[in-house]
Number of protein chains: 2
Amino acid sequence: MKHNATSYVILGLLSIEPGHSGYDMRKAVQGSIGYFWGESYGQIYPALKLLTGEGLIARSGTGSNGRKRRQGYVLTEAGRRCLREWLAVPFHDEPPRNEFLLKLFFAREAAPGAAAAHLRDFEERNLRMLDALKKIEASVPADKPPNPHQPYWLLTLGFGKALTTAALAWGESARAELAAAEPSTAPSARVPKKRAARKTASSRKHRGGKH
Amino acid sequence: MKHNATSYVILGLLSIEPGHSGYDMRKAVQGSIGYFWGESYGQIYPALKLLTGEGLIARSGTGSNGRKRRQGYVLTEAGRRCLREWLAVPFHDEPPRNEFLLKLFFAREAAPGAAAAHLRDFEERNLRMLDALKKIEASVPADKPPNPHQPYWLLTLGFGKALTTAALAWGESARAELAAAEPSTAPSARVPKKRAARKTASSRKHRGGKH
DNA sequence: TGGGTCATGTAATAGGTTACATGATTGC
DNA sequence: GCAATCATGTAACCTATTACATGACCCA
């Protein structure tokens, strides 16, 4: 049987925390792996139905427990086997699509200063990201019998921090190189001062967590 | 009018090299921005038709010139304006989906050694990537009247190198941390020796360039 | 009794890959 | 003449996001 990545996210989450509902899963994704993965309800609920039908997960402790009208799920043995098989298979690279680099690559055609503005924007977003990662890190530890998942969680967190930090370092040197290559508006001043209030609202509606 | 990213890639490429055909564009994408962007024919040809209909690009020097049966395109003034407008707008973050980190995050459920295997795989791919980037870099320079696009190209290349290098550095330390956390098969030997011939063929059919 | 958020789900749509079909040109 | 590659295009399919619809529960 073929499954999409969403199904494996569900199996993985249930291997860590049995009893999660679809709603919980969305929250968990945003809160703990949001910096490298996203899921929407439109993916999760159909996948839950599918996995249930295939016997890889099962309904558990229906609403009657505590809150009403919410459906928890648990892994079946078949589900756990399926997850393990997937974990053993080499990963796929996602098709790369970085719009920031695309705009930078074509920036010669843009108005002077546009590249510098994108660079600043990029650095801002990375700073926010680094902040979010540190918050996650602070919320992870402190378990008396040490959580067996923790080493792996810390590795992925470390990856996020390492790459974000590298991006910030690159950004700084890139700004300097740009200033040398683009005489810009004022030759000696690095960048125009008044650049507040960039419009970011419309792109922030969905998929929480990141940035 | 709303366009997808493919359309802007086309406009951008034509702003650099007028006369390119759809086939050329696919090649150019693979060869020069393949490490952060991909396009398939199924996207390019419909977009060319659309853009022509909107008057943003125009057919130029049809096949009769040199080779037969190939259609070149050039930017119109409207097309150049459209490209500039897009370049001035803040970029969108792509939805993050890193399957490697996903498998690492859930690795507690996997067979012992699986995480280490993914890590080695990851490092191999990054080494190949770094190699590809160096090849691109070597092919870029050497223009007597310096190419005005070059500063931007070098910035994006530098980004690729910086991030790939950071990923490699993280990988090395991650392997050490893993070895400490996972007793693995043999406690003193880092990783099992015989790991040749991972199956990579089936996932490499399409979208050239990268990794 | 009214607002917020918990909770589940579906339909419309967008965006993109893959496989296929077709034919010209080039080099041997 | 044959294979490889140049070159264009289309159709089927898959994945995923967004917006919408619905209703329960909580608390003030």
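About the cut-offs
All residue numbers here refer to positions counted from 1 along the written sequence of the relevant chain. Each chain is given a letter, starting from A, and each ligand a number, starting from 1, according to the order in which they appear as written. With the structure being a predicted model, the display of local features is reserved for residues of pLDDT at least 70 and the display and counting of side-chain atom pairs for 80 or more, all residues being used for whole-chain, interface and lining totals. Here the side-chain values reflect all heavy atoms present in the structure, with hydrogen atoms and water set aside. The helix and strand labels rest on DSSP assignments: H or I over at least four residues marks a helix, E over at least two residues marks a strand, and numbering proceeds from the N terminus. Relative accessible area decides the class of each residue, using a 1.4 Å probe on protein chains only: under 20% of the type maximum gives buried, over 50% gives exposed, and in between gives partly exposed. Residues are treated as being in contact if the distance between any of their heavy atoms lies within 4.5 Å. Surface accessibility in these figures is a Shrake-Rupley result with a 1.4 Å probe; residues are shielded only by whichever protein chains are displayed. Superposition of the copies used a least-squares fit over C-alpha atoms from residues whose pLDDT is at least 70 in both. Take the number of residues in a helix, subtract one, and multiply by 1.5 Å to get its expected span. Think of the arc as the fan of directions from the helix axis to the C-beta atoms. The angle between two axes is taken between their N-to-C directions and runs from 0 to 180 degrees, where each axis is a line fitted to C-alpha atoms and a helix contributes only its stretch in contact. Geometric relationships in this document are graded by angle, where less than 35 degrees denotes roughly parallel, more than 145 denotes roughly antiparallel, 65 to 115 denotes roughly perpendicular, and other angles denote oblique. The crossing is said to be left-handed when, going from far helix to near helix, the turn is anticlockwise and less than a right angle, and right-handed when the turn is clockwise. The nonpolar class holds Ala, Val, Leu, Ile, Met, Phe, Trp, Tyr, Cys and Pro. Asp, Glu, Lys and Arg form the charged class, and all remaining residues, Gly among them, are polar. Per-residue confidence from the prediction method is given by pLDDT, with values spanning 0 to 100. Only residues above 30% relative accessible area that lack a salt bridge enter a patch, with like-charged residues linked at up to 9 Å and the nonpolar side chains Val, Leu, Ile, Met, Phe, Trp and Tyr linked at up to 5 Å. The salt bridge criterion pairs a side-chain nitrogen of Lys or Arg with a carboxyl oxygen of Asp or Glu, the two atoms within 4 Å. Buried area is understood as the total, over both parts, of accessible area removed when two parts are fitted together, assessed with a 1.4 Å probe. Between N or O atoms, a polar contact is any pair within 3.5 Å; within protein, one atom must be a potential hydrogen donor and the other a potential acceptor, and residues adjacent in sequence are included only when both atoms are from side chains. Whether a set of points on the 1 Å grid over the protein atoms alone is a cavity depends on a 1.4 Å probe fitting there but being unable to get out, while an open set qualifies as a pocket with protein on both sides within 12 Å along at least five of seven lines; lining residues are those with an atom within 4 Å of a point. Grid points are joined across faces, edges and corners, and a volume is the space filled by probe spheres set on the points.

A. Broad picture of the overall build of chain A. Tallying secondary structure elements over chain A gives seven helices and two strands in all. N-terminal to C-terminal, the α/β element order of chain A is α-α-α-β-β-α-α-α-α. Of all 211 residues assigned to chain A, the portion counted as buried reaches 45%. Residue pairs at least 24 apart in sequence account for 64% of intrachain contacts in chain A once pairs closer than 6 positions are excluded. Here chain A has roughly 11200 Å² of accessible surface; of this, 55% comes from carbon and sulfur atoms.

B. Representation of the relation of the copies chain A and chain B. Mapping chain A onto chain B calls for a screw motion: a turn of 180 degrees about the axis and a shift of 0.0 Å along it, with 0.0 Å RMSD after fitting. Taken together, the rotation and translation relating the two chain copies correspond to the operation of a two-fold axis.

C. Focus on helix H4 (residues 77-88) of chain A. Taking 1.5 Å of rise per residue, the twelve residues of H4 of chain A would be expected to cover 16 Å, and the 17 Å separating its terminal C-alpha atoms lies within 8% of that figure. Turning to H4 of chain A, its buried residues number three or more, namely Gly79, Cys82, Leu83, Trp86 and Leu87 of chain A. Taken down its axis, H4 of chain A places every buried residue within 135 degrees of arc, on the same side. Pointing more than 90 degrees away from the buried face of H4 of chain A are the exposed residues Glu77, Arg81, Glu85 and Ala88 of chain A. Contacts from the buried residues of H4 of chain A go to helix H1 (5-16) and strand E2 (72-75) of chain A together with helix H5 (99-105) and helix H6 (114-139) of chain B.

D. The packing of helix H2 (residues 22-33) of chain A against helix H3 (residues 41-53) of chain A, seen in detail. Residues and elements named next belong to chain A. Look at H2 against H3: their axes get within 10 Å of each other, and the N-to-C directions meet at 135 degrees. In terms of axis orientation, H2 runs oblique to H3. Judged by the sense of rotation from one axis to the other, the crossing of H2 with H3 is right-handed. Only Tyr41, Ile44, Tyr45 and Leu48 of H3 make contact with H2, whose side of the interface consists of Gly22, Tyr23, Met25 and Arg26. Residues of the contact of H2 with H3, tallied by class, amount to six nonpolar, one polar and one charged.

E. A look at the confidence of the model for chain A. When pLDDT is averaged along chain A, the result is 85, and 82% of the positions lie at 70 or above. When the criterion is pLDDT under 50, residues 186-211 of chain A qualifies, and its contacts beyond four places in sequence or with other chains add up to 30 contacts.

F. Structural context of a nonpolar patch on the surface. Residue and element names in this part refer to chain B. Taken together, the side chains of Tyr23, Tyr41 and Tyr45 define a hydrophobic patch exposed on the protein surface, amounting to about 310 Å² of accessible area. Its location among the elements puts Tyr41 in helix H3 (residues 41-53). Classification of Tyr41 by relative accessible area gives partly exposed; the value is 30%.

G. Structural context of the interface of chain A and chain B. If you look at the interface, chain A gives 75 residues, while chain B gives 74 residues. Of the roughly 7600 Å² buried where chain A meets chain B, counting both sides, 67% is carbon and sulfur surface. Arg97 of chain B is the salt-bridge partner of Glu39 of chain A, the closest N and O atoms lying 2.6 Å from each other. Taken together, the connections running from chain A to chain B amount to 27 residue pairs in polar contact (both at pLDDT 80 or more). Listed by contribution, the elements that provide at least two residues to the side of chain A that touches chain B are H1, H2, H4, helix H5 (99-105), helix H6 (114-139) and helix H7 (150-181) of chain A. Per element, the largest residue contribution to the side of chain A that touches chain B is 16 residues, and it comes from H7 of chain A.

H. Inspection of empty space enclosed by the protein at higher detail. This model, assessed by the stated rule, comprises five cavities of 30 Å³ or more. Reported here for the largest cavity is a volume of approximately 1300 Å³. Together, 48 residues line the largest cavity, and Glu94, Asn98 and Leu163 of chain A together with Glu94 and Leu163 of chain B are the ones closest to its centre. Classifying every residue of the lining of the largest cavity by side-chain character gives 24 nonpolar, twelve polar and twelve charged.

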